[in-house]
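# Topology and contacts: notes
Chain residues, written in single-letter form:
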Amino acid sequence: MIRRLTKSDHKLLFSLLKEEPSFNLFIIGDIESFGYDADFQDIWGEFDENGTLNAVLLRYYDSYIPYARTSFHVEAFAQLIRQTSTSSFVLSGKSEIVEQFEHVLPLGNKRVTYFCECQTDKLATGTENIDIKKATLDDVDRIIALRQSIAEFTTTPRAREMLAKGLETNTSRTYYIEEDGKMVASASTTAENSLSAMIVGVCTEEAYRQKGYASAIMKKLIQDLISEGKTLCLFYDNPKAGNIYKRLGFRDIGTWTMYL
């Protein structure tokens, strides 16, 4: 049986999501932030004959994330997506789950990234003598300007709005380093929830690289988030970048697939 979940299902839902909280950080964050009654968000659950919740599907506007602990009715979830989406939608999630939709839905361009998490701050040391600052809403334009100055980065039209909203709702934070009053390196979180946070936007202006700034900011994020009882997560597709993160305490836990 598949039905739309409500507030009364919250405990049951989170019992399932907490089995893999890193892979479920977007679902957890959206439920904690917007609940079960928002018109732009739905969460459906699939139950077995014993009433056990085995799989869920989140809709956030036109973005969908499925999660399952065991096999599930892919076609039934696909039908929900057909019924509630526009002609253009995003499907993403744990690779072995979302790739089951490839034969039942018209999907966009496929992108697969490594997914890793950090649950320790033992390797995040050596930041005591570095002035790392925490951004406020007054710094949003500076953060966007820094990202736009870096060739490897792509900023979307809604990047400023989303960054500001994250700071306002405490679902995002940004740390940065300055030289002579200029922001030269930064890193941010997004989708922060009670259990985890995603690291994004790690960047250093080209003229200020090889000084360890990005690593120092990452260490500060690790220290602060671990002290709050949260797991840090991030995507990467460059093995060299992956090695840098692993030296800070991250470990691979799987892959994440997105269809755009």
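Relevant structure appears above.
Below you will find a few notes about this structure.

Before going further, it helps to examine the pattern of salt bridges. The full count for this structure, using the stated rule, is 25 salt bridges. The partner of lysine 230 in a salt bridge is glutamate 192, and the shortest N-O contact between them spans 3.0 Å. Here glutamate 192 lies in the loop between β9 (182–190) and β10 (196–204) and lysine 230 lies in the loop between α7 (213–227) and β11 (231–236), a separation of 38 residues in the sequence. The exposure class of lysine 230 is buried, given its relative accessible area of 13%. Among the ionic pairs, lysine 220 bridges to aspartate 224, the shortest N-O distance being 3.5 Å. Here lysine 220 and its partner aspartate 224 are both found in helix α7, four residues apart, which amounts to about one turn of the helix.

With that settled, consider the nonpolar core. Residues Leu13, Val56 and Phe250 are the most contacted members of the largest nonpolar core, which totals 67 residues. Those residues in contact with leucine 13 that lie beyond four places of it in its chain are Leu5, Ile31, Tyr36, Ile43, Leu53 and Val56. Val140, Leu146, Ile150 and Ala164 belong to the second-largest nonpolar core, a separate cluster that totals 13 residues.

What follows concerns helix α1 (residues 10–17). What α1 keeps buried is the set Leu13, Phe14, Leu16 and Leu17. Here the buried residues of α1 occupy an arc of 155° about the axis, which is enough to place them on one side. The inward-facing, buried residues of α1 contact α2 (25–34), β2 (41–47), β3 (53–60) and β4 (63–68).

In this section: the sheet that holds strand β7 (residues 133–134). Strand order in this open sheet of twelve strands is β1-β2-β3-β4-β5-β12-β6-β11-β10-β9-β8-β7, and the pairing throughout is mixed. If you trace the sheet from one side to the other, it starts and ends with β1 (2–4) and β7, each paired once. Note that strand β6 (residues 110–118) and β11 share five bridges and pair antiparallel. Within β11, the position partnered with cysteine 118 by the bridge is leucine 232. Across the sheet, α1 is in contact with β2, β3 and β4; its angle to β3 comes to roughly 100°. Contacting β1, β2, β3, β4 and β5 (90–94), helix α3 (residues 74–84) runs over the sheet at an angle of about 20° to β3.

Cut-off values and rules
Residues numbered from 1 in each chain as written. Predicted model: local features only at pLDDT ≥ 70, side-chain atom pairs only at ≥ 80, totals over all residues. Heavy atoms only, no water. Salt bridge = Lys/Arg side-chain N within 4 Å of Asp/Glu carboxyl O. Helix = DSSP H or I, 4+ residues; strand = E, 2+ residues; numbered from the N terminus. Buried < 20%, exposed > 50% of the residue type's maximum accessible area, 1.4 Å probe, protein only. Core = buried A, V, L, I, M, F, W, Y, C linked by side-chain atoms within 4.5 Å. Contact = heavy atoms within 4.5 Å. Arc of directions from axis to C-beta. Pairing = 2+ DSSP bridges. Axes fitted to C-alpha atoms, helices over the stretch in contact; angles between N-to-C directions.

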